[in-house]
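Each chain, letter by letter, is given below.
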Amino acid sequence: MNDIVEGLWQAARLVITLDPGLAEITLRSLQVTLTATVIASVLGLPMGAWIAVNRFRLRRFAIAILNALMGLPPVVVGLIVYVLLSRSGPFGVFGLLFTPTAMIIAQVIIITPIIASISHQAIRELWADYHDLLISLHATRAQRIKTLLWDGRRALMTAALAGFGRAIGEVGAIMIVGGNIDHATRVLTTAIALETGKGDFGLALALGFVLIALAIAVNLALHMLSGTERGSRW
Amino acid sequence: MVSAILPLVLEDVELRRQGKRILGPVSLTLEGEGITVVMGPNGAGKTSLLRAMHGLERINRGRAVWQGGAEEVRARQAFVFQTPVLMRRSVLDCIAYPLILDGVERKMARARAETAASQVGLDVTLTAPASVLSGGERQKMALARALIRAPEVLLLDEPCANLDLHSTAEIERVLIAARDRGTRIVMSTHNVGQARRLADDILFLFDGRLIETGSGDAFFAGPETPEAMAHINGDLLP
Ligand SMILES: Nc1ncnc2c1ncn2[C@@H]1O[C@H](COP(=O)(O)OP(=O)(O)OP(=O)(O)O)[C@@H](O)[C@H]1O
Ligand SMILES: [Mg+2]
C-alpha cells in the first residue's frame, strides 16, 4: 500500500517537474505506438471491411485466422521479428534491430489483427443494413468499402483505440526487438519492467501511473476530436 | 420517350427459397410508358417480383432480360425498398448519395438533393441525421433518393405504406409527374384506391403466380379471376 502511495507521489513529482528522462520515454512510447496504430489501422481497417463485404472461398478460414492472430503472444512475435531483423536474418541488411522502427514493426504485427477483427465485426453489421441499397445503386466495390468505412467511422475509431490500448501497454515484443536501450529504445513499459527488476517499485509505479494517464488522455483526445463534427452525431 | 433499357422481358422466372417456390414461373414484358401496379395479398410475391426485376434476387429458373449493357441497365433504374434503407448520414447526404457515387461534386450534389427533397414534400431539417425521420418521412427520403438520378425505370415497393392521406396524395403527384416526364414506373401497393388512381397496367399476383394482367381500367371494371375480384372488393379470401 505504501509503495502505491509513494508511487503516486513520485509520479506527480516527475510530471510536475517535467522530468526530462520521463518526458523522453513518454514521448517515445507515444511516437512508437501512435505510428504503429496508424500503420495498423491503414492495413487493418480496409482488411476488415474487405472481408466483411466480399464472399470468397476461404472467408470463414480467414476470419478464424484473424481471430487466432488476435491472441498472438507478443513474446513470440518479438522473437520472430528479432530473428528476421537480426544481422544474419533476411532483413538484417537494414540494420533495424534495436531501433524504434523494429518496435513499430512488432507492434503493427500484434495489433493489425485486432483492428481488422473488430472493424470486420462492425462493418459486417453496417453492410447488412446497406447491402440492398449499395447493390441497387450499383456502387463499385471500392465505393462500397469507402462508404462503409466512412459511415462506420465511430466503430472503427473504437477498433483503432483497442489496437492503441494493446500496443501502448505491450512490453514483451518491444523489449526483445528494441532492447530497452537508454536514450534509444527505452519506452514506458520497458522502463517499468527494468525498474521493477531493480526493485525500485516507487519509480516503476510512478511510470505505471503515467502510462495509464497517457492511455486515458489519448482516448479522451480522440473522442473529443471526433465529437467536434457535431453534424454527424448518431 | 422510348427508354433505352426497356423492354424488360421476364421468361418463366422462378424463385425458390429454402426448397419452396416463392415466385413463378412468371413471364411478362415491360415496355412503353406509364405506371404498372403490382397487386396481391401479403406474401403473394410482389416484393420478390420487383427485386427479381431489379436484379437483387438470384433467379433459379428462367431469366430477366433488360436491353443494353449491364452497366447502363443498373445505372438507369432505381428502387424504393419496402423498408427504407437509412444511411448513417444527414438526410441531405442520404438523398445526395447516388450523385456522389456518380462523381458529382459534393456541393452540387447537395443542392440537387435539396431540390429533390422539396419535390417529394420532405419538409424536415435536412442537416439532421436520417435516423430521426418518422416512418413516412423516411419513405419520402427514399423516394427523393431514387428520383435524383432521373432513372428511366423506377421500381417502388409499397411507397405509401406509412403515409397519411396528405402525403400519399403528394407522392402520387410526384409519381405522376415522373411518369409524364417519361419514367417507366412499376410499383406495388395494397391501397386499392391508389391502384385505381395510378395504374395504367395491373399485374395481379397470387401465391407467387401472375394470375391476371391487363390495363387498369379493364381490371377495375371487372377482374377475371375470383381472387382479384375478392382482393379489390376487400373480401376475405377463403
Ligand atoms: N429468403 C427467403 N426465404 C424464404 N422465404 C422467402 C424468402 N423471401 C421471401 N420469402 C417468402 O416468399 C413469399 C413472398 O414474399 P414477398 O416478400 O415477395 O411477398 P409480398 O407480396 O411482397 O408481401 P407483402 O405484401 O407482405 O409485402 C413470402 O411467403 C415469403 O415468406
Ligand atoms: Mg412486399
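Note that this is a predicted model, so its numbers are computed, not measured. (Residues numbered from 1 in each chain as written. Chains lettered and ligands numbered in written order. Predicted model: local features only at pLDDT ≥ 70, side-chain atom pairs only at ≥ 80, totals over all residues. Heavy atoms only, no water.)

S.K.: Tell me about the interface of chain A and chain B, and name the residues and values.
M.R.: Accessible area lost when the parts come together is the quantity often used to give the size of an interface. Each partner contributes to the interface: chain A provides 18 residues, whereas chain B provides 22 residues. Carbon and sulfur atoms make up 56% of the surface buried where chain A meets chain B, a total of about 1900 Å² over both sides. In this structure, the connection of chain A to chain B is made through three salt bridges. For B:Arg89, the salt bridge is made with A:Asp151, and the minimal N-O distance between the two is 2.7 Å. The element contributing the most residues to the side of chain A that touches chain B is helix 5 (residues 100–136) of chain A, with eight residues. (Contact = heavy atoms within 4.5 Å. Buried area = accessible area lost by both parts, 1.4 Å probe. Salt bridge = Lys/Arg side-chain N within 4 Å of Asp/Glu carboxyl O. Helix = DSSP H or I, 4+ residues; strand = E, 2+ residues; numbered from the N terminus.)

S.K.: Just give me the short version of the coordination of the magnesium ion (ligand 2), but keep the residues and values in it.
M.R.: All names here are of chain B. Surrounding the magnesium ion (ligand 2) are the protein donor atoms Thr47 (OG1) and Gln82 (OE1), at 1.9 to 2.3 Å. Here Thr47, found in helix 1 (residues 46–54), pairs with Gln82, found in the loop between strand 5 (77–80) and helix 3 (91–101); they are 35 residues apart in sequence, far enough to count as distant. Relative accessible area serves as the criterion here: at 27%, Thr47 is assigned to the partly exposed category. (Donors = N, O, S within 2.8 Å, 3.2 Å for Na, K, Ca; no water. Buried < 20%, exposed > 50% of the residue type's maximum accessible area, 1.4 Å probe, protein only.)

S.K.: Give me the lowdown on the pairing of strand 8 (residues 201–206) of chain B, citing residues and values where you can.
M.R.: Residues and elements named next belong to chain B. Examined bridge by bridge, strand 3 (residues 35–39) and strand 8 share four bridges and lie parallel to one another. Pairing of Met39 across the sheet is with Phe204, part of strand 8. The sheet contact formed by strand 8 and strand 9 (residues 209–215) spans six bridges and is antiparallel. Directly across from Phe206, in strand 9, lies its bridge partner Arg209. Here strand 8 hands over to strand 9 after two residues, with Asp207 in that stretch at a positive phi of 50°. (Pairing = 2+ DSSP bridges.)

S.K.: Which residues make up the packing of aromatic side chains, and what values go with them?
M.R.: The description of an aromatic ring pair rests on the distance of the ring centres and on the angle between the ring planes. Taken as a whole and judged by the stated rule, the model has five aromatic pairs over all chains. Both rings, one in A:Tyr82 and one in A:Phe98, keep their centres 6.1 Å apart while their planes meet at 70°; by these two values the pair is edge-to-face. On the criterion of sequence distance, the pair formed by A:Tyr82 in helix 4 (residues 74–85) and A:Phe98 in the loop between helix 4 and helix 5 is long-range, its members being 16 residues apart. A:Phe98 gets classed as partly exposed once you look at its relative accessible area, which sits at 35%. Considering the side-chain rings of B:Phe204 and B:Phe219, the 6.0 Å spacing of their centres and the 35° angle between planes classify their relative orientation as tilted. Here B:Phe204, found in strand 8, pairs with B:Phe219, found in helix 8 (residues 216–221); they are 15 residues apart in sequence, far enough to count as distant. Across this residue pair, the class does not change: B:Phe204 and B:Phe219 are buried. Each member of the aromatic cluster is reached from another via a ring pair, and the members are B:Phe204, B:Phe219 and B:Phe220. (Phe/Tyr/Trp six-rings, centres within 6.5 Å; stacked < 30°, edge-to-face > 60°.)

S.K.: Which residues make up the sheet that holds strand 7 (residues 184–188) of chain B, and what values go with them?
M.R.: All names here are of chain B. The strand order 5-6-7-3-8-9 describes an open sheet built from six strands, whose pairing is mixed. Strands at the two margins of the open sheet, each flanked by one partner only, are strand 5 and strand 9. The average angle at which neighbouring strand axes cross in this sheet is 15°, direction not considered. Those strands touched by helix 5 (residues 135–147) are strand 5 and strand 6 (153–157), and its axis lies near 175° from that of strand 5. (Axes fitted to C-alpha atoms, helices over the stretch in contact; angles between N-to-C directions.)

S.K.: Residue-level account of the nonpolar core, with values.
M.R.: B:Met39, B:Leu49, B:Met53, B:Ile95, B:Leu143, B:Leu154 and B:Leu175 are the most contacted members of the largest nonpolar core, which has 117 residues in total. Apart from residues lying up to four places away in sequence, B:Ile95 is in contact with B:Ala113, B:Ala116, B:Ala117, B:Leu122, B:Met141, B:Ala144, B:Arg145 and B:Ile148. With 18 residues, the next largest nonpolar core counts A:Leu14, A:Phe164, A:Leu188 and A:Leu207 among its residues. (Core = buried A, V, L, I, M, F, W, Y, C linked by side-chain atoms within 4.5 Å.)

S.K.: An account of the sheet that holds strand 1 (residues 8–17) of chain B is requested, with residue identities and associated values reported.
M.R.: Residue and element names in this part refer to chain B. If you trace the three strands from one edge of the open sheet to the other, you get 2-1-4, paired in antiparallel fashion. Here the strands that pair on one side only, and so sit at the sheet edges, are strand 2 (20–30) and strand 4 (61–65). Along the sheet, successive strands turn relative to each other by an average axial angle of 25°, direction set aside.

S.K.: Tell me about helix 3 of chain B, and name the residues and values.
M.R.: Along an α-helix, residues three or four positions apart point the same way, because every turn accommodates 3.6 residues. Of all eleven residues that make up helix 3 of chain B, ten are buried, and the element is covered over most of its length. As for helix 3 of chain B, its buried residues are in contact with helix 5 and helix 6 (141–151) of chain A together with helix 4 (106–119) and helix 5 of chain B. Positive phi shows up at B:Gly103, right after helix 3 of chain B, with a value of about 85°.

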